[in-house]
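Okay, here's what each chain looks like letter by letter:
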Amino acid sequence: MNLNFTLYFKAKYCAKWVLVKSLLLFFMTSLSAQEDEIVEFNSIPIEEVMLKGRELPGVRFLYTVTIPSQSDLSGYALSKSGRGNIWTSDTLNFYLDALAIKDTVQNTFELEGEIQSLLFDEKIDRDGLQAYFDNLVRNELYILEAEEEAEERIGELVVLGNKIPFKPYYKLKIQVLTDIRMIILITFLSFFVLAAIILVVVIFVIKTKKRNRDVLVRRFKDLCYEPLSNFLFEHSLEEIQQMDKYGIVEKLPKNLMHKPLFKDVMIQEIISLNKNMKGEFKQKLKLIYRKLELDKHTLQKLEAKRWDIITTGIVEINEMDVVEAEGKVMKFVNHQNFYIRSNAVATLLNISNDTDLNVLADQEYPLSRWQQMIYYRIIRYTKDKRNIGHLLESKNQSVRVFGIKLIRYLGLIDQLEKLLGMFEIASEAEKIEMIRCFNLFGFIDSLERVYAVLKSDNQTLVLESIKLIENLGEKISTTALFEFCKLTSDFEAKKAAMRAIYKLDPSIFEAYFSESEDEVENKINLHLKDPVLANV
């Protein structure tokens, strides 16, 4: 047993020794191979490479020379460094360039200079430069080839290149156009630039036309003053009536009556004078307008597409009383454009014989205050009697309200009974105007209808009703006002009701409100009794 163990132990030890010896032999062989490789690298002198005119990456050269003070080397690509009489060249990429400068200076001035080597702008000696070059070659960062092999390879590449047909790398000549996003961006930019150019051109053209038109208008105005003045003050109405168109045109500037702009200026000047003249002068101006056939030019404006031209034509018809244009103006009565519609109605009120005011009664659009003011002025100062009551039958509420206002403004007392009959079915806006009419004309019969209005939520309607009761009511009316004061919480309405009670029966007012526990009523009581605040 012990013998077997001894033999096993010896065998195991011999195996380990053989394994260790084998590993040592392997590593020694590897090291010797690496040493052989290192020994096999042959260093090439860097001067041979530099004298062949090859460029070394990161290496630059600088030539320096010291010369006497009276010499000047600026013509030899040298510059004075500022330190004594030392002249230096620029940093050069090739050693041959620095050597050429050195030879030139040496042959000319018999001066020895020095070529300094720079590695990444730091001075380096020859040994360091040689070690840097060897490291580049060893790591295959700088490939050395024989010149004959390089020239031969270049020739082979040229021959091979001639045999291959040329194919462009990009299908488009401009690489940026291969990106769809860049194409979209360029398209948008081009569009905006083009739009800006067009906008500038349009603005320039419009401003130029407007400036030229203004110049012509001023010129035409000056040309119209004298002939129109002559017609007004040097010719009688009968003389103008006997003239035909050509007789009047002869007294005007020549070759201008065919121009639409001159006609427009002539019409505006005639209208301007017509507004400031009276009697025979107005007849002369309208006669000249007709004789020159300017009414035809006015009627042509009604067929324009621009609303301002149509409005101008309607105004000219109104000012010059072109009665025959009534049918053409009628189609603009309910036009969607406010200015066309307003002037069309005003013109028909002026030139038509519509006594029932159907042009107003048939209005589909609500009337503004400005329109009501214009229409009221026309209706008031026309001689024909108008049937204002027909406006109360209109389907347009604003027209009915305007009709009620006309009854009040024109003093049409005969229409009060009709208003009273409409009171129950009238809208709140109509009731407000009706109550104002009843109050203005002292229509006592309306009191019974007005009492019911005190229950309305419309403050304006309630205040107008209280004013009517205050002016037309009797002592019995205080009962309705007392009930109203109990129910309302509106300060203005309560103050108006208490003022009406105070005016109708001061004794009842004093008896009721002097002992009131309501703080608001006490303040109003003191306010009404204060003579300083009587009208506040």
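Structure shown above.
Because the structure is a prediction, the values reported are computed rather than measured.

Draft legend 1. Summary view of the overall build of the protein chain. Looking only at helices and strands, the protein chain features 25 helices and 5 strands. Long-range pairs, those at least 24 residues apart, make up 64% of the contacts in the protein chain with a sequence separation of at least 6. If you sum the accessible surface of the protein chain, you get close to 34900 Å²; carbon and sulfur atoms cover 57% of it.

Draft legend 2. Looking closely at unusual backbone geometry. Phi is positive for Glu-293, which is not a glycine, with a value near 60 degrees. Take Glu-293: it is sitting in the loop between helix H10 (280-291) and helix H11 (294-301). Accessibility expressed as a relative area gives 33% for Glu-293, which makes it partly exposed. The backbone of Asp-321 shows a phi angle near 55 degrees, a positive value even though the residue is not glycine. For Asp-321, the location among the structural elements is in the loop between helix H12 (307-320) and helix H13 (326-330). Overall, the relative accessible area of 28% leaves Asp-321 in the partly exposed class.

Draft legend 3. Broad picture of the packing of aromatic side chains. Tallying each qualifying case throughout the model produces 14 aromatic pairs. By way of ring pairs, the aromatic residues Phe-482, Tyr-502, Phe-509, Tyr-512 and Phe-513 are connected into one cluster. Residue placement shows Arg-341 over the ring face of Tyr-365; its charged tip is 4.1 Å from the ring centre. The ring of Phe-423 has Lys-431 sitting right over it, with the charged end atom 5.5 Å from the ring centre.

Draft legend 4. Geometry of the pattern of salt bridges. In the structure shown here, the tally under the stated rule is 20 salt bridges. Note that Arg-436 and Glu-433 form a salt bridge whose closest N and O atoms lie 3.0 Å from each other. Of this pair, Arg-436 and Glu-433 both sit in helix H19 (residues 428-441), separated by 3 residues, roughly a single helical turn. Here Arg-436 falls in the partly exposed class, since its relative accessible area comes to 29%. Note on Glu-433: relative accessible area 6%, which makes it buried. A salt bridge links Lys-494 to Glu-521; its shortest N-O distance comes to 4.0 Å. With a gap of 27 residues between them, Lys-494 in helix H23 (residues 491-504) and Glu-521 in helix H25 (residues 519-529) connect regions that are remote in the sequence. The class of Lys-494 is buried, set by a relative accessible area of 7%.

Draft legend 5. View of the packing of helix H6 (residues 180-234) against helix H9 (residues 260-276). Running from N to C, H6 and H9 cross one another at 50 degrees; their axes reach a closest spacing of 9 Å. With respect to H9, the axis of H6 lies oblique. For the crossing formed where H6 meets H9, the hand is right-handed. Contact residues: Arg-213, Leu-216, Val-217, Phe-220, Lys-221, Cys-224, Tyr-225, Leu-228 and Leu-232 in H6; Leu-261, Phe-262, Val-265, Met-266, Glu-269, Ile-270 and Leu-273 in H9. A class-by-class count of the residues in the contact of H6 with H9 yields 13 nonpolar, no polar and 3 charged.

Each value, and the rule that gives it
- Residue numbers here run from 1 along each chain, matching the order of that chain's written sequence.
- pLDDT decides what is reported in this predicted model: residues at 70 or higher carry local features, side-chain atom pairs at 80 or more are listed and counted, and totals for whole chains, interfaces and linings draw on all residues regardless.
- Processing note: side-chain calculations cover all non-hydrogen atoms of the structure and skip hydrogens and water entirely.
- Each helix is a run of H or I in the DSSP string that is no shorter than four residues. Each strand is a run of E no shorter than two, and both are numbered from the N terminus.
- Contacts are residue-level and defined by heavy atoms, with any inter-residue pair within 4.5 Å sufficient.
- Here, Shrake-Rupley sampling with a 1.4 Å probe gives the accessible areas, and only protein chains in the shown set may cover a residue.
- A simple rule labels every residue: compare its accessible area, found with a 1.4 Å probe on the protein chains alone, to the largest value its type can have, and call it buried under 20%, exposed over 50%, or partly exposed in between.
- Here is the rule: rings of Phe, Tyr and Trp (six-membered ring for Trp) pair when centre to centre is within 6.5 Å. Planes less than 30 degrees apart are stacked, more than 60 are edge-to-face, and the remainder are tilted.
- Put simply, a charge is over a ring when the Lys NZ or the Arg CZ is close to the ring centre, within 6 Å, and near the line of the ring normal, within 35 degrees.
- Salt bridges, as used here, are contacts in which a Lys or Arg side-chain nitrogen is within 4 Å of a carboxyl oxygen on Asp or Glu.
- Lines fitted to C-alpha atoms define the axes, with helix axes restricted to the stretch in contact, and inter-axis angles between N-to-C directions lie between 0 and 180 degrees.
- An angle counts as roughly parallel when it lies under 35 degrees, as roughly antiparallel when it exceeds 145, as roughly perpendicular when it falls between 65 and 115, and as oblique in every other case.
- By convention, the crossing between two helices is left-handed when the near helix turns anticlockwise from the far helix through less than a right angle, and right-handed when the turn is clockwise.
- Basically, the charged four are Asp, Glu, Lys and Arg, the nonpolar ten are Ala, Val, Leu, Ile, Met, Phe, Trp, Tyr, Cys and Pro, and anything else, Gly included, counts as polar.

No statement about biological role is implied by the geometric values presented.
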